[in-house]
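Coordinates in review
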Amino acid sequence: MSLAQGRQYLAIPGPSVVPDRVLQAMHRAAPNIYGGPLHDLTYSLIPDLKKIARTEANLAFYIGNGHAAWEAALANVLSRGDKVLVLATGLFGLGWAEVARGLRAEVEVIDYGVQSDVSADRLDAALRADAEGRIKAVMVCHVDTSAGVRNDIAAIRRTMDEAGHGALLMVDCIASLACDVYEMDGWGADVTVAASQKGLMTPPGLGFVWFNDKAAKVHETADCSTGYWNWTPRAKPEGYWQLFGGTAPTHHLYGLRAAVDMILEEGIEHVWTRHDKLARALWAAIDAWSQSGPMTFNIKDPARRARAVSAFGIGAGNGDKLRAWCEEKAGLTLGIGLGREPSDAFFRVGHMGHVNAQMMLAAIATIDAGLKAAGIPHGAGAVEAATALIAREA
Ligand SMILES: *Cc1c(COP(=O)(O)O)cnc(C)c1O
């Protein structure tokens, strides 16, 4: 027996749910890439994506996933032998550090573990220890998707300024853009990296790097930069083809245009608020479930949790059991435990992008049923707690 037939909810932290409007925009004959509507549409995305990242910085497109955008951003500012400082709060920070190592950078990692955000003291000490100013960039994930943690980017900037250190602040917003509040210029990030398949609700395949004039200046002497990844012709193209270093990602651009329209029609502040309320509905349910039994928040302090993805402990074996039941019996796909051992003792819920209250409430009720069906002990009243929050705050 299964009750999974019907529309599925892919509640993993990327790729996220793709709206019908985005799918329909992509369903078309191949367009002319040498001129006409595709060019207008692409150029129209540039100011709008700057609005979403809250910046007047330059924007470079890449055909690639988040890993490609990670490497693109680094290659544009690093020179051989440069040092970078990575503030790791989970698997993705460590992954970006690996990319820097691949470019032969000297990589210093401050590892905050998988249940904490960045704290100022260790960062301050590392910056002050670098009297020669060898650290070219401080790299951090705004949201680390494996831990469900959100870092305070403005506070990191303040710590850098107070230490009088001139490194670039490079921020991975792949999971957080158009989900959690992000102010690239207001918070003083020099480089922001994102991808299409999370808050931007478009299939994987587009990467974005926003870079300000300070980063552009560093780029001028960066000898890791290669012709293909070079962000300058992508941000200031003399010809359309330079935007993507070759053929444009035609259908992705139509999809992205529709997704960006949806975000701007709703209003980016409203998008942030919606994510906040839906995340807190889930957290209210987890609060109730964790009153008894093995369920725990990975990030205890709500002020440090991401609004795009949440991570939970649930006891060895139970994560996989719960996920299997929800997917096979009810059509809800939850995220795997990532960066934790044993991974089947954890699960994550992606609540990024095209998600509304009825989807979140259905996911919560489905998890509640899954806990019962899988015989995983849990506190009562989770659905009630979530519906009460939505009733109060919608
Ligand atoms: C998803 C994600 C990535 C990796 O993106 P890919 O498109 O899978 O390469 C990197 N960083 C964060 C924070 C992410 O959430």
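Conventions and cut-offs
Residues numbered from 1 in each chain as written. Predicted model: local features only at pLDDT ≥ 70, side-chain atom pairs only at ≥ 80, totals over all residues. Heavy atoms only, no water. Phe/Tyr/Trp six-rings, centres within 6.5 Å; stacked < 30°, edge-to-face > 60°. Lys NZ or Arg CZ within 6 Å of the ring centre and 35° of its normal. Near = heavy atom within 4 Å. Polar contact = N/O pair within 3.5 Å; in protein donor to acceptor, adjacent residues only side chain to side chain. Areas by Shrake-Rupley, 256 points an atom, 1.4 Å probe, with all protein chains shown as cover. Helix = DSSP H or I, 4+ residues; strand = E, 2+ residues; numbered from the N terminus. Nonpolar A, V, L, I, M, F, W, Y, C, P; charged D, E, K, R; others polar. Domains from an automatic or database assignment. Contact = heavy atoms within 4.5 Å. Buried area = accessible area lost by both parts, 1.4 Å probe. Salt bridge = Lys/Arg side-chain N within 4 Å of Asp/Glu carboxyl O.

With respect to the packing of aromatic side chains
- A full pass over the atoms with the stated rule returns twelve aromatic pairs.
- Ring-pair connections join several aromatic residues into one group, and the members of that group are Y43, F61, F208, W210, Y240 and F244.
- Geometry around W283 places R305 over its ring, the cationic atom sitting 4.9 Å from the centre.
- Over the ring of F297 we find R305, and its NZ or CZ is 3.6 Å from the ring centre.

Some details on the site of the ligand
- Inspection of the region around the ligand gives N65, G66, H67, W70, F92, V143, T145, D172, I174, A175, Q197 and K198 as its neighbouring residues.
- Between the ligand and N65 there is a distance of 3.5 Å, counted from an oxygen atom to a side-chain nitrogen or oxygen.
- With the chains in place, 90% of the 380 Å² that the ligand exposes on its own is no longer accessible.
- Top contributing element to the shell around the ligand by residue count: helix α3 (residues 66–77), with three residues.
- Of the residues contributing to the shell around the ligand, the split by class is five nonpolar, five polar and two charged.

Observations regarding the domain arrangement of the protein
- Looking at the assigned domains, one finds that the protein contains domain 1 (9–16 + 268–393) and domain 2 (31–264).
- The distance between the C-alpha centroids of domain 1 and domain 2 comes to 28 Å.
- Counting from both sides, the interface comprises 28 residues of domain 1 and, opposite them, 29 residues of domain 2.
- A combined buried area of about 2400 Å² lies between domain 1 and domain 2, and 58% of that area is made up of carbon and sulfur atoms.
- When residues of domain 1 are sorted by the area they lose upon contact with domain 2, I268, W272 and R304 head the list and together hold 26% of the total.
- Between domain 1 and domain 2 we count three salt bridges in total.
- The partner of R304 in a salt bridge is D117, and the shortest N-O contact between them spans 2.9 Å.
- Our enumeration of links across domain 1 and domain 2 arrives at 14 residue pairs in polar contact (both at pLDDT 80 or more).

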